[in-house]
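# Observations on the model geometry
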Amino acid sequence: GFLNQELAIMTGLAEAVMVDVQCIMPALAKAAKNFHTKVITTSRKGKMIDAVHIQYDERRAKEVAREILKMAIDNYGNRTTEGSRVHDTADVIAGFSHEYIAYMQGGRFRASFRPLNDAIMAGRIRGVAAVVGCNNPRIAAQDSIHDYLATEFVKNDVLVVTTGCGAAACAKAGYMTPETALEMAGPGLKEVCEAIGIPPVLHLGACVDNSRILTVTTEMAQEGGLGEDISDLPAVGIAPEWMSEKALAIGCYFVASGVYVIFGSEHPAKASQEVQRIMTEVWEERVGGRLEFIPDPEEILKKSLEHIDAKREALKLRKYEPGRFGVERKLMSMEDRRKLESAARPHEGVK
Ligand code: SF4
C-alpha cells in the first residue's frame, strides 16, 4: 500500500522496489539509501535522485523485467537482516485474475462463472462488493474503514473483491486466507468458499487492476441469470478511504460501466446540487451507474446492502435470508430414515 512503502524498505528484506509514475513518496529513494534496497524507476516521467533508472519499453517488456529481476537477485547478498524488525505477520493468498476465478470454479475443462452466478441466484451469496482504493491517514485510523466494510460484508454473505491499498489493508488484517472464511463469513458464503477453497476477500491486484473487476462483472453478466448488463448485477463498488485523483478516474469508469459507486468522504462538489444530481440521477439514467459520496462507514454499508437487495428483487431472485444456507444439519439414524421412507411410500406393505 501507498502508506506502507517506506515501512517495507525498513524491514531490510526488500532487495528492490520498482516504481512507475504515481503514488510514490518523493523521498523513497533517499530513505532506501539507509538500507540495501535498490529503488528502480521505469518511466521517463518519474525519475528520482538516488534511484537506478531502467527505462520500460513495451517492445522489450520481458527483457526489461528480467534485467530488473536480476538486479534484485544480485542484491540479495547485501541483505544483512533476517527480518528481526518484523513482529506481526499475516498469511496472504493473492493474485486472483478473472481467468483464475473462472478456473477455480471449474478447472481447466469447465472454467466458468456459472457456480458464482448460481450461488448468487440461490441466495447463498447475497451479492458482490468491490472494496478498493487508497487508504488514508486523514481518517481516525488508517485502514479501519476497509477492515470494517470487508468484515461486515463477509458476515452478510457478500463476496468481497479488493485491489490496491485496500487489498493491502485486508491482507494486513489477515482476511486473505481460506481459513478466514471459516471464522467470519456468513454461512452461505462460507459454504461456497469452503467448496472452492478461496478466501471470502479476493485480492485482484494493484489499483490499476480494477479493470479486472469490471472483466469479472462482464463475465458474470454474460454468463446469464443475473440480467443483461453490469448495471443489473447485485454488486457495488466502494472506495471508502480514497485520496488520489486516480481513484476518481477509476470510480468514473466504473459508473460509466453501470456500477453503483460510493466514495467515502464529503462530496467535493457539495456546494452544487446540480452537479450532485448529474452524478447520480442523470448518470444512472444514461449509463446505469451513479456516484455518491458518503462519509459515514455505517451508512456506506447500509446503502450498499440496500442496493444489492434491490437489484436481487429487480432480477426476481430469491429474497436473501440470513442463515438459510450452510446451517448444520442433523445426521439421521437408519431407523429414522426408514420411518421417513415408509411414510413416503404408503402403498408398500399395504395388504
Ligand atoms: S489505491 Fe490509491 S493510494 Fe493506493 S496506489 Fe492506488 S491510487 Fe495510490
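Here the structure is a predicted model, which is why all the values come from computation and not from measurement.

### Comments concerning the pattern of salt bridges
According to the stated counting rule, one finds 19 salt bridges in the structure shown. Asp118 is the salt-bridge partner of Arg114, the closest N and O atoms lying 3.1 Å from each other. Of this pair, Arg114 and Asp118 are both found in helix α6 (residues 114-122), four residues apart, which corresponds to roughly one turn of the helix. A relative accessible area of 26% means that Arg114 is categorised as partly exposed.

### Re the domain arrangement of the protein chain
Examined at the domain level, the protein chain breaks down into domain 1 (2-78) and domain 2 (98-314). Taking only C-alpha atoms, the centre of domain 1 and the centre of domain 2 are 31 Å apart. Counting from both sides, the interface comprises four residues of domain 1 and, opposite them, eight residues of domain 2. With both sides pooled, the region where domain 1 packs onto domain 2 buries about 580 Å², and carbon together with sulfur makes up 58% of that total. Across the contact surface, domain 1 and domain 2 share zero salt bridges. Taken together, the connections running from domain 1 to domain 2 amount to one residue pair in polar contact (both at pLDDT 80 or more). In terms of residue class, the side of domain 1 that touches domain 2 is built from two nonpolar, two polar and no charged.

### What about helix α11 (residues 210-223)?
With 14 residues, α11 ought to run about 20 Å at 1.5 Å a step, and its terminal C-alpha atoms sit 20 Å apart, in line with that. Buried residues along α11 sit in contact with α4 (98-104), α6, β4 (127-131), β5 (158-162) and α12 (245-256). Gly224 lies just past α11 and shows a positive phi near 100°.

### Some details on the sheet that holds strand β7 (residues 235-239)
Strand order in the open sheet made by the six strands is β6-β5-β4-β7-β8-β9, with parallel pairing throughout. Looking at strand neighbours, the two that pair on one side only are β6 (201-203) and β9 (290-293), the edges of this open sheet. Within this sheet the neighbouring strands show an average axis-to-axis angle of 20°, counted without direction. Note that β4 and β5 share four bridges and pair parallel. Across the sheet, Ala130 pairs through a bridge with Val161, a residue of β5.

### With respect to the nonpolar core
If you look at the biggest cluster of nonpolar residues, it comprises 70 residues, and the most contacted ones within it are Phe153, Leu202 and Met220. The leading source of residues in this core is helix α7 (residues 144-155), at five residues. Once residues within four sequence positions are removed from consideration, Phe153 is found in contact with Ala129, Val131, Val158, Val160, Ile238, Leu301, Ser304 and Leu305. Residues Val19, Leu28, Ala29 and Val39 belong to the second largest nonpolar core, which totals nine residues.

### Brief notes about the site of the ligand
Close contacts around the ligand come from Phe2, Cys23, Gly133, Cys134, Cys165, Cys207, Met243, Ser244 and Lys246, and that covers them all. According to the grid-proximity analysis, the pocket containing the ligand is the largest pocket. For the shell around the ligand, the per-class residue count stands at six nonpolar, two polar and one charged.

### Topic: the packing of α7 against helix α14 (residues 297-314)
Relative orientation and spacing of two packed helices are given, respectively, by the angle between their axes and the distance between those axes. Where α7 contacts α14, the axes come no closer than 10 Å and their chain directions differ by 35°. Note that α7 runs across α14; the crossing there is right-handed. Side by side, α7 and α14 meet where Ile145, Tyr148, Leu149, Glu152 and Phe153 of the first sit next to Pro297, Glu298, Ile300, Leu301, Ser304 and Leu305 of the second.

### Here we look at α7
One full turn of an α-helix is made of 3.6 residues, so residues set three or four places apart face in the same direction. With 12 residues, α7 extends 16 Å from end C-alpha to end C-alpha; this agrees with the ideal 16 Å at 1.5 Å per step. With nine of 12 residues buried, α7 lies mostly within the body of the structure. Taken together, the buried positions of α7 are occupied by Ile145, His146, Asp147, Leu149, Ala150, Thr151, Glu152, Phe153 and Val154. Residue Asp157 follows α7 closely and has a positive phi angle near 65°.

### Let's talk about the layout of surface pockets
Of the volumes computed, that of the largest pocket is approximately 900 Å³. In terms of lining, the largest pocket is formed by 39 residues, of which the most central are Cys23, Cys165, Ala206, Cys207 and Lys246. Among the elements of the structure, α1 (5-10), β1 (16-19), α8 (164-172), β7, α12 and β8 (260-263) are those that each provide at least two residues to the lining of the largest pocket. Looking at the lining of the largest pocket element by element, the count peaks at five residues for α12. Of the residues in the lining of the largest pocket, the class split is 25 nonpolar, 12 polar and two charged. Both domain 1 (2-78) and domain 2 (98-314) contribute no fewer than three residues apiece to the lining of the largest pocket.

What counts, and at which threshold
Residues numbered from 1 in each chain as written. Predicted model: local features only at pLDDT ≥ 70, side-chain atom pairs only at ≥ 80, totals over all residues. Heavy atoms only, no water. Salt bridge = Lys/Arg side-chain N within 4 Å of Asp/Glu carboxyl O. Helix = DSSP H or I, 4+ residues; strand = E, 2+ residues; numbered from the N terminus. Buried < 20%, exposed > 50% of the residue type's maximum accessible area, 1.4 Å probe, protein only. Domains from an automatic or database assignment. Contact = heavy atoms within 4.5 Å. Buried area = accessible area lost by both parts, 1.4 Å probe. Polar contact = N/O pair within 3.5 Å; in protein donor to acceptor, adjacent residues only side chain to side chain. Nonpolar A, V, L, I, M, F, W, Y, C, P; charged D, E, K, R; others polar. Expected span 1.5 Å × (residues − 1). Pairing = 2+ DSSP bridges. Axes fitted to C-alpha atoms, helices over the stretch in contact; angles between N-to-C directions. Core = buried A, V, L, I, M, F, W, Y, C linked by side-chain atoms within 4.5 Å. Near = heavy atom within 4 Å. 1 Å grid on protein atoms, 1.4 Å probe; cavity = no way out; pocket = protein on both sides within 12 Å on 5 of 7 lines; lining within 4 Å. Sits in = over half its atoms within 2 Å of the grid points. Left-handed = near helix turned anticlockwise from the far one by under 90°. Points joined across faces, edges and corners; volume = space filled by probe spheres on them.

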